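# Notes for the structure review
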Amino acid sequence: MAAVVRLAEISDLKALIEHSLRHQAESGRDGDFVFTPSEEPNSLPFETLLPQKTKSWNLSPTENGWERVWIVTDGEAVFGELTLCHRPPMKATLHRAHLMMGLERSHRSSGYGKQLMQTAIEWAKSQPTLDWVQLYVFDHNEPAKALYRKFGFEGGTTTVDLFRVHGQSINDTEMVLRLRK
């Protein structure tokens, strides 16, 4: 079965954790960009994540701590994901969504990043309470920044030397997308 982009369900959580660990393991290795601030893959255990995700994935975007995750999957494994979530979870920030995305090397440059972005942004625009989407991207990750720009994200503040990963100083840049004028 070819991979598809769809909204994640709780039954996808184990495969999503496995994807996250594989994806993190690619960061800064074999010629890949450093794209995560951790040198070693890590994840909370399934037993810890299950109640957290069950709650946050079922909250309305009008409630503190909501989260939605879209995945790239072949029905068995997950190869990519895009998360929109409410951060920090305060009533005063319910008009904003935070975006995080990761695609494993095997599924990059195949249009899945664009599909994930398009699907998530369309969903965000359909939410009457959301006005902004923001994300953070390592400054040296030009392919990711180019994708975000194609969807209208604009650069904001860059924090110089925010992380040091594999001996490399990493600048982190905030980008924002206004959903409504």
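These lines cover the structure that appears in this document, whether it is placed above or below. (Residues numbered from 1 in each chain as written. Predicted model: local features only at pLDDT ≥ 70, side-chain atom pairs only at ≥ 80, totals over all residues. Heavy atoms only, no water.)

## Some thoughts on helix 4 (residues 142-150)
Among all positions of helix 4, only Ala 144, Lys 145, Leu 147 and Tyr 148 are buried. Projected down its long axis, helix 4 carries its buried residues within an arc of 160°, all on one side. Looking at helix 4, the residues exposed on the side facing more than 90 degrees away from the buried face are Pro 143 and Lys 150. Residues of helix 4 that are buried in the fold lie against strand 4 (96-103), helix 3 (112-125), strand 5 (132-138) and strand 7 (168-178). With a side-chain oxygen positioned 3.2 Å from the backbone nitrogen of Ala 144, the residue opening helix 4 is Asn 141. Just past helix 4, the residue Gly 152 takes up positive phi, approximately 95°. (Buried < 20%, exposed > 50% of the residue type's maximum accessible area, 1.4 Å probe, protein only. Helix = DSSP H or I, 4+ residues; strand = E, 2+ residues; numbered from the N terminus. Arc of directions from axis to C-beta. Contact = heavy atoms within 4.5 Å. Polar contact = N/O pair within 3.5 Å; in protein donor to acceptor, adjacent residues only side chain to side chain.)

## Some details on the side chain of His 107
Looking at where His 107 falls in the secondary structure, it is placed in the loop between strand 4 and helix 3. The exposure class assigned to His 107 is buried, which follows from its relative accessible area of 13%. Polar contacts involving the side chain of His 107 include one to the side chain of Ser 106, which spans 2.8 Å. Every residue in contact with His 107, bar those within four places of it in the chain, is listed here: Ala 3, Val 72, Phe 79 and Tyr 112.

## Considerations on the nonpolar core
One broad rule of soluble globular proteins: the nonpolar side chains tend to lie buried together. Leu 84, Leu 99, Val 133, Tyr 148 and Phe 153 are the most contacted members of the largest nonpolar core, which totals 31 residues. Looking at this core, the elements that each hand over two or more residues are strand 2 (67-73), strand 3 (78-85), strand 4, helix 3, strand 5, helix 4 and strand 7. Tallying contributions element by element places helix 3 first for this core, with 7 residues. Among residues more than four places away in sequence, those in contact with Val 133 are Leu 84, Ala 97, Leu 99, Ala 124, Phe 153, Met 175, Val 176, Leu 177 and Leu 179. Leu 13, Ile 17, Leu 49 and Val 69 belong to the second largest nonpolar core, which has 10 residues in total. (Core = buried A, V, L, I, M, F, W, Y, C linked by side-chain atoms within 4.5 Å.)

## A closer look at the pairing of strand 2
Burial within strand 2 is extensive, with 7 of its 7 residues counted as buried. Of the two faces of strand 2, the one lined by Glu 67, Val 69, Ile 71 and Thr 73 and the one lined by Arg 68, Trp 70 and Val 72 are each fully buried. Judged from the 4 bridges that link them, strand 1 (residues 4-7) and strand 2 form a sheet pairing that is antiparallel. If you follow Leu 7 over to strand 2, its bridge partner there is Trp 70. (Pairing = 2+ DSSP bridges.)

## Notes on the packing of aromatic side chains
To describe a pair of aromatic rings, one takes the distance between the centres and the angle between the planes. Taken as a whole and assessed by the stated rule, the structure comprises 4 aromatic pairs. Ring centres 5.6 Å apart and planes at 50° place the aromatic pair Phe 138 and Phe 163 in the tilted group. Taken together, the residues Phe 138 in strand 5 and Phe 163 in strand 6 (residues 154-165) connect sequence positions 25 residues apart. For Phe 163, a relative accessible area of 24% gives the class partly exposed. (Phe/Tyr/Trp six-rings, centres within 6.5 Å; stacked < 30°, edge-to-face > 60°.)

## So, helix 1 (residues 13-26)
Counted at 1.5 Å a residue, the expected span for helix 1 with its 14 residues is 20 Å, and the 20 Å between its end C-alpha atoms agrees. Listing the buried residues of helix 1 in full gives Leu 13, Ala 15, Leu 16, Ile 17, His 19, His 23, Gln 24 and Glu 26. Its buried side turned inward, helix 1 meets helix 2 (46-58), strand 2, strand 3 and strand 4. One or two steps after helix 1, the chain reaches Gly 28, where phi turns positive at roughly 75°. (Expected span 1.5 Å × (residues − 1).)

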